[in-house]
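Coordinate inspection notes
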Amino acid sequence: MQPGQTVTVFGAYGHTGRFVVAELRERGFVPVLSGRDAGKLRALAAATPGAPEVRPASVDDPASLVRALDGADAVINCAGPFALTAAPVIEAALRAGIPYVDVAAEIEANLDTFTHFADRARAAGAVIVPAMAFYGGLGDLLATAAMGDWTSADEANIAYGLSGWHPTPGTRIAGTVSRERRAGRRVRYTDGRLQYHDDETTLLKWPFPAPMGTREVVGEFTMADVVTVPSHLSVPEVRTHMTTEAAGDLSAPDTPAPTSADENGRSDQTFLVDVVVRRGDTERRAVARGRDIYAVTAPLAVEAVHRILTGRTRTLGVASAGRIFDAPDFLRALSPHITLDPLPRQTAS
């Protein structure tokens, strides 16, 4: 990485955007603050050491997005709902000729990115990495690392052991948009494709590693991993599950937003992500533990930008984390932020 490379953060004043701005500064990047609300951008700049540059922009004003990305080396989109923001910011990134990374957890928005931009990005030699976040990104990296030298598996299960889930306003808005797009139906990835359905939710017992142990989960609590994992791994069944406490927090209208519990702004909520891939009678497992699902998204997104700008990628075009990066090496680089159990094996380049 060249010293002082510039990264535009669209949605910089949002909950996750603030973590991303702080992580960029910690890693030696120069953040440019962008988003729709000029007042919130100026307030964030005033509270940020170095008083970063402010460039207001709106997805309804393509020229403003061009200005926001002018001279930048990359852009990280933290502004949801991504059903509305991803395509305009990707278009601006393609015009600027810079890499695009987002932190979208919306299933349909991520699917749109793969569907609508894969051919153009590949032809342009561009790099677009959607869902570079706790949901979609971390699970994909863990599943890829667990697969190791397998070229296919029968199924992948990603179980989210959250101590609780205090959703941000952005999470709630994105969830509403997704429900409206799928007309209230649920979604699963089975038989090698996404399927929408009206089946009732099911409760399962999931054997999380100690000390969490077996916990009740909502089965097929489907997250963005059902887009990222099968985008590059030959796994016809991808299922994600969520501890019932966290699922209940998310569904309750009065669950408060996360609150800071340390000097870095992280909440006290903890997580354990347990990924099990199965081929025949053989299972492989990868586990990540940490704190604050929103805060941990920042090192995921910033490490992705760092690797893209230093040429440590495996493909071009639209690609998920596990496809474009060396998954075990990437996960090890996150060691200040997550604990891996077991440490994934190195894969061949």
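Residues numbered from 1 in each chain as written. Predicted model: local features only at pLDDT ≥ 70, side-chain atom pairs only at ≥ 80, totals over all residues. Heavy atoms only, no water.

1. Points about the sheet that holds strand β2 (residues 30-35)
Backbone hydrogen bonds hold the strands of a sheet together, and the pairing may be parallel or antiparallel. Spatial strand order, β3-β2-β1-β4-β5-β6-β15: seven strands in an open sheet with parallel pairing. Of all strands in the sheet, those with a lone pairing partner are β3 (54-56) and β15 (317-318), marking the two edges. Judged from the three bridges that link them, β2 and β3 form a sheet pairing that is parallel. Paired with L33 across the strands is V54, a residue of β3. (Pairing = 2+ DSSP bridges. Helix = DSSP H or I, 4+ residues; strand = E, 2+ residues; numbered from the N terminus.)

2. Quick look at helix α7 (residues 169-181)
Helix length check: α7, at 13 residues, gives a terminal C-alpha distance of 19 Å against a target of 18 Å (1.5 Å per residue), a fit within 8%. Along α7, the residues that are buried comprise A174, G175, V177 and S178. All buried residues of α7 project into a common sector of 160° when viewed along the axis, lining one side. Residues P169 and E180 are exposed on α7 and point more than 90 degrees away from its buried face. (Expected span 1.5 Å × (residues − 1). Buried < 20%, exposed > 50% of the residue type's maximum accessible area, 1.4 Å probe, protein only. Arc of directions from axis to C-beta.)

3. Brief notes about the nonpolar core
Core analysis: the largest hydrophobic core is formed by 105 residues, its most contacted members being I76, M132, F134, L138, L162 and W165. Top contributing element to this core by residue count: helix α6 (residues 134-147), with nine residues. When neighbours within four sequence positions are excluded, M132 is seen to be in contact with V101, D102, V103, L141, T297, L300, A301, A304, A321, F325 and F330. Listed in part, the seven residues of the second largest apolar core include F208, V217, L272 and V287. (Core = buried A, V, L, I, M, F, W, Y, C linked by side-chain atoms within 4.5 Å. Contact = heavy atoms within 4.5 Å.)

4. So, the confidence of the model for the protein chain
Per-chain confidence: the protein chain averages 95 in pLDDT, with 97% of residues scoring 70 or above. With pLDDT under 50 throughout, residues 345-349 is counted as low confidence; its partners more than four residues away or in other chains account for 14 contacts. (pLDDT = per-residue confidence, 0-100.)

5. Looking at the environment of P169
Within the element layout of this structure, P169 appears in helix α7. Between the C-alpha atom of P169 and that of V32, which follows or precedes it by 137 residues, the distance is 23 Å.

6. Quick look at the pattern of salt bridges
A complete count under the given rule lists 23 salt bridges for this structure. In this structure, R120 and E91 form a salt bridge, with 2.8 Å as the shortest nitrogen-oxygen distance. Taken as a pair, R120 in helix α5 (residues 107-124) and E91 in helix α4 (residues 82-96) lie far apart in primary sequence, 29 residues in all. For R120, a relative accessible area of 40% puts it in the partly exposed group. R312 is paired through a salt bridge with D329; the nearest N and O atoms lie 3.1 Å apart. Highlighted residues: R312 in the loop between α10 (297-309) and β15 and D329 in helix α12 (residues 327-333), separated in sequence by 17 residues. R312 gets classed as partly exposed once you look at its relative accessible area, which sits at 37%. A single network of salt bridges, built from pairs that share partners, joins D154, E155, R188, D199, E220, E237, R239 and R278. (Salt bridge = Lys/Arg side-chain N within 4 Å of Asp/Glu carboxyl O.)

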